[in-house]
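If you want the building blocks of each chain, they are given just below.
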Amino acid sequence: MAIGQRCTIYERARSKIIMVQINWRIKSLLYKVLSFFNLYKPLFFIQKKITKRSEINYKNIVFYWDYHLKFLKENNSKKIIEIGAGKSLAQNIYLSYMLEKSVEQTLIDISNMLDLDLFNKANEQIAKILGVSKIPFAKSIDDLKNNYNIIYLAPMNLNQIFEKKLEFDACISSTTLEHIPKEELKENFLLLKKIIKKEGIISAAIDYSDHYSHTDKNINNLNYLKFSSSNWKKYNSPMLFQNRLRHQDYRELFKSIGYKIFEIEGEFGKGPEFISKEFDKNNKETLMLWGHFLLKQ
Ligand SMILES: C[S@@+](CC[C@H](N)C(=O)[O-])C[C@H]1O[C@@H](n2cnc3c(N)ncnc32)[C@H](O)[C@@H]1O
C-alpha cells in the first residue's frame, strides 16, 4: 500500500485548477435547496459557466486511469461497463486511445450528465498529452460509438442492465462508489456478480475525502468524520450524497459478497482534530483519503 503525501484523489486529478471557494455549510444548504427543487440543469450550468468547476484542463493523465488500463490489459477485457460516467468522459477517451478502440465501453449513469462540449475539450487535451492525432470530435451520441467505441446510457442503473441480459468482461468505476448509499452499493455488487463474467474483474477507484473540502480549503479533507450519522444528515444532500464509508468498510462489503480482493492502493490523510465515535479511530484506514480495489469473483 502506498503511503503518500496526504493528497486527495481530487487534488491529484485536478492539480492545476484553482477552484472557486465556498464555505462548506453554505454549499450544503444550497445543494439541499437545489436538490429539493430538482434543479440539476441549473447546477450544471453554474458549474460550467460561473464557478468553472466542470472546466476541462488536463495537463497530465490522471493516475487512476492507468490502474484501470493496466488491469483491463492484463485480463484481456474486451467489453466493459463503467458505473458513473460523469460529464466529460475523459477517462473513457483516454482508454479509447490507449486500447486503440478495441474495447467496447458501455457507460452508465443515474443522471444524464454528458456534455459533448466538455467531451470534445477533453479529447483535444488528451490527444495532445499523448502526442497522437485526434479522433474526430463528437457531434452526437452516435459519434461516440462510431469513433470511440463508447456506448453512453443514462439515466440507467445496473438492474436495468441485468434485465437487458447484458454481460461484460470488466467493470470500472472512478470516484463514484462514495456517492452510493451502502445498501444500494451492496445490491450493485451482487448484481455485478451476474453481469460480469466469472473470469472478469472490477477495478474501482474511490475518493474517501469530504467532497465539501474540495471547494473549502478552510476545512480538513476528512472534516465529515467529525459528525455523527444523525448530524451528518443535516449536511448530506442528494445532489452531493456522500456515504462516508471507509476503506475497511468497502473491503468488508466486498468480502461479504464473496469477491476476492487482489490489489489495494491508497493514501492516508491526517484527519480533523477529533472524529465521531461512530468511526474507528484506532484503525488507520479510517483516515485514508482514497483507495483502489481490484476484485475478482
Ligand atoms: C464524481 S462523478 C465521477 C465521474 C467520472 N467517473 C470521473 O471519474 O470523472 C460521479 C458520477 O457517478 C454518478 N452516479 C452516482 N450514483 C450512481 C449510481 N448509483 N449509479 C450510476 N451512476 C451514479 C453521478 O451521476 C456522477 O456522474
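Please refer to the structure higher up on the page.
Residues numbered from 1 in each chain as written. Predicted model: local features only at pLDDT ≥ 70, side-chain atom pairs only at ≥ 80, totals over all residues.

Here we take up the pairing of strand β5 (residues 196–207). For β5, the buried fraction is high: nine of the twelve residues fall into the buried class. When strand β4 (residues 168–174) meets β5, the two strands line up parallel, connected through six bridges. Across the sheet, residue Ser174 finds its bridge partner in β5, namely Ala205. On the question of chirality, the crossover connecting β4 to the parallel β5 by way of helix α9 (residues 182–195) is right-handed. Where β5 lies against strand β7 (residues 288–296), seven bridges are found, and the strand directions are antiparallel. For Ile202, the partnering residue across the bridge sits in β7 and is Leu295. (Buried ≥ 20, exposed ≤ 12 C-beta atoms within 10 Å, placed from the backbone. Helix = DSSP H or I, 4+ residues; strand = E, 2+ residues; numbered from the N terminus. Pairing = 2+ DSSP bridges. Right-handed = clockwise from strand over helix to strand, strands pointing away.)

What follows covers the pairing of β7. By the criterion of burial, β7 is predominantly enclosed, with eight of the nine residues buried. With eight bridges joining them, strand β6 (residues 260–268) and β7 adopt antiparallel strand pairing. By the bridge assignment, Glu265 is partnered in β7 with His292.

Where helix α4 (residues 63–74) contacts helix α5 (residues 90–98), the axes come no closer than 10 Å and their chain directions differ by 45°. As judged from the angle between their axes, α4 and α5 are oblique. For the crossing formed where α4 meets α5, the hand is right-handed. Within the contact between the two elements, α4 uses Trp65, His68 and Leu69 and α5 uses Gln91, Tyr94, Leu95 and Met98. Of the residues assigned to the contact of α4 with α5, the class counts are five nonpolar, two polar and no charged. (Axes fitted to C-alpha atoms, helices over the stretch in contact; angles between N-to-C directions. Parallel < 35°, antiparallel > 145°, perpendicular 65-115°, else oblique. Left-handed = near helix turned anticlockwise from the far one by under 90°. Contact = placed C-beta atoms within 7 Å. Nonpolar A, V, L, I, M, F, W, Y, C, P; charged D, E, K, R; others polar.)

Turning to the sheet that holds β7, a few remarks are in order. Through backbone hydrogen bonds, the strands of a sheet pair up, either in parallel or in antiparallel fashion. Across the sheet, which stays open at both edges, the seven strands sit in the order β3-β2-β1-β4-β5-β7-β6 with mixed pairing between neighbours. Strands with a single pairing partner mark the edges of an open sheet, and in this sheet they are β3 (150–153) and β6. When strand polarity is set aside, the average angle formed by the axes of neighbouring strands in this sheet is 15°. Contacts from α5 reach β1 (79–83), β2 (104–108), β3 and β4 within the one sheet, and its direction differs from that of β2 by about 175°. In the packing of helix α11 (residues 247–257) onto the sheet, the strands contacted are β5, β6 and β7, and the crossing angle to β7 comes to about 15°.

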